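# What the coordinates show
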Amino acid sequence: SDLYPKTLAEAFDSHDREVIAKGEPVSREFTIPDLSPEYHEVMTIKFPIRDDSGRIIAVGGFSQDVSERKRAERTLKESEARLRRAQQQARLTYWSWDLANHSYTWAPGSGALLGIEDAALPARQADMTPIIHPDDRERQFAMLDALEAGRDSYEAEIRLVRPDGGIVWVREQ
């Protein structure tokens, strides 16, 4: 086809073949070069069209321009990467605690401050307890209980114990 570059035309054809093989709708995202120096990114959903006997006789589809969303996603990823680099350079970390699931989500690179690999960062409260300094645990648990009871904010400084025995003071809020 002269309308699209060969690789894109092949991707469109592959999309059609996948719909026929699966017999169900299939969505894909494509980058389509325009006549301008910009590119348009589209989400295309194709679906089988069947005759009365259920045999696939055609492939239908529709596309939606998702260029703005894709630009926003790239901008967000770039911003997150800059934030991650700044946090690592400043030796900052952050985590959030999900009250409903009693689970922690950590910022990438947080393990370095605590002297552990990110994969070993505590995911549950039971995993977090051993790294909280023993003298701070009761106060920390009381604060978590208050949050579960409906308190909407808090501020606390606690000590976390690294595997090498070093102490890291953290401020939670």
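Quantities reported herein were computed from a predicted structural model and do not represent experimental measurements.

## Describing the overall build of the chain
- On a plain count of helices and strands, the chain comes out with five helices and seven strands.
- Shown N-terminal to C-terminal, the secondary structure of the chain runs as helices and strands in the order α-β-β-β-α-β-β-α-α-α-β-β.
- Compactness check: the chain gives a C-alpha radius of gyration of 26 Å against a globular reference of 16 Å for 173 residues, more than 25% above the reference.
- Here the C-alpha coordinates of the chain stretch approximately 70 × 45 × 30 Å along the principal axes.
- Counting all 173 residues of the chain, 27% fall into the buried class.

## A word on the packing of aromatic side chains
- The tally for this structure, following the rule as stated, stands at three aromatic pairs.
- Arranged with centres 4.8 Å apart and planes meeting at 75°, the rings of F12 and F30 form a pair that is edge-to-face. Here F12, found in helix α1 (residues 6-22), pairs with F30, found in strand β1 (residues 26-33); they are 18 residues apart in sequence, far enough to count as distant. For the residue pair F12 and F30, the accessibility class agrees, reading buried in each case.
- Ring centres of Y104 and W106 lie 6.3 Å apart, and the angle between their planes is 35°; this geometry places the pair in the tilted category.
- Classification of Y104 as buried rests on a relative accessible area of 8%.
- Take W106: its relative accessible area is 14%, and that puts it in the buried class.
- Taken together, the aromatic side chains of W95, Y104 and W106 make up a single cluster linked through ring pairs.

## Digging into the environment of E80
- Position of E80 among the secondary structure elements: in helix α2 (residues 67-90).
- What makes E80 partly exposed here is its relative accessible area of 38%.
- Linking E80 and P108, residues 28 residues apart in sequence, is a C-alpha distance of 10 Å.

## A look at helix α5 (residues 134-148)
- Relative to the 21 Å expected for 15 residues at 1.5 Å per residue, α5 spans 22 Å between its end C-alpha atoms, a close match to the ideal helical length.
- Buried residues of α5: D136, Q140, M143, L144 and L147, and no others. On an axial view of α5, the arc spanned by its buried residues comes to 100°, and they lie on one face.
- Taken together, the buried residues of α5 touch β4 (95-98), β5 (103-106), α4 (125-128), β6 (156-161) and β7 (167-172).
- Phi for G150, located one or two positions after α5, is positive at around 120°.

## Observations regarding the confidence of the model for the chain
- With 95% of its residues at a pLDDT of at least 70, the chain reaches an overall mean of 87.
- When the elements of the chain are averaged for pLDDT, β4 gives the smallest value, 82, and strand β3 (residues 56-65) the largest, 94.

The rules behind each value
Numbers given to residues run from 1 along each chain, matching the order in which its sequence is written. Since the coordinates come from a predicted model, pLDDT governs what is reported: local features require at least 70, and pairs of side-chain atoms require 80 or more to be given and counted, while whole-chain, interface and lining totals use all residues. The basis for every side-chain value is the complete set of non-hydrogen atoms in the structure, without hydrogens or water. By definition, any uninterrupted DSSP run of H or I lasting at least four residues is a helix, any uninterrupted run of E lasting at least two residues is a strand, and each is numbered from the N terminus. Note that the radius of gyration is over C-alpha atoms, with the globule rule given as 2.2 Å times the number of residues to the power 0.38. A 1.4 Å probe rolled over the protein chains alone gives each residue an accessible area, and that area as a share of the maximum for its type sets the label: buried under 20%, exposed over 50%, partly exposed in between. Note on aromatic pairs: the rings of Phe, Tyr and Trp (six-membered ring only in Trp) are paired at centre separations within 6.5 Å, and the planes decide the class, stacked below 30 degrees, edge-to-face beyond 60, tilted for the rest. For a helix, the expected span equals 1.5 Å multiplied by the number of residues minus one. Comment: arc refers to directions from the helix axis out to C-beta atoms. The contact rule is simple, with two residues in contact once any of their heavy atoms fall within 4.5 Å. Values of pLDDT, which run from 0 to 100, indicate the predictor's confidence residue by residue.

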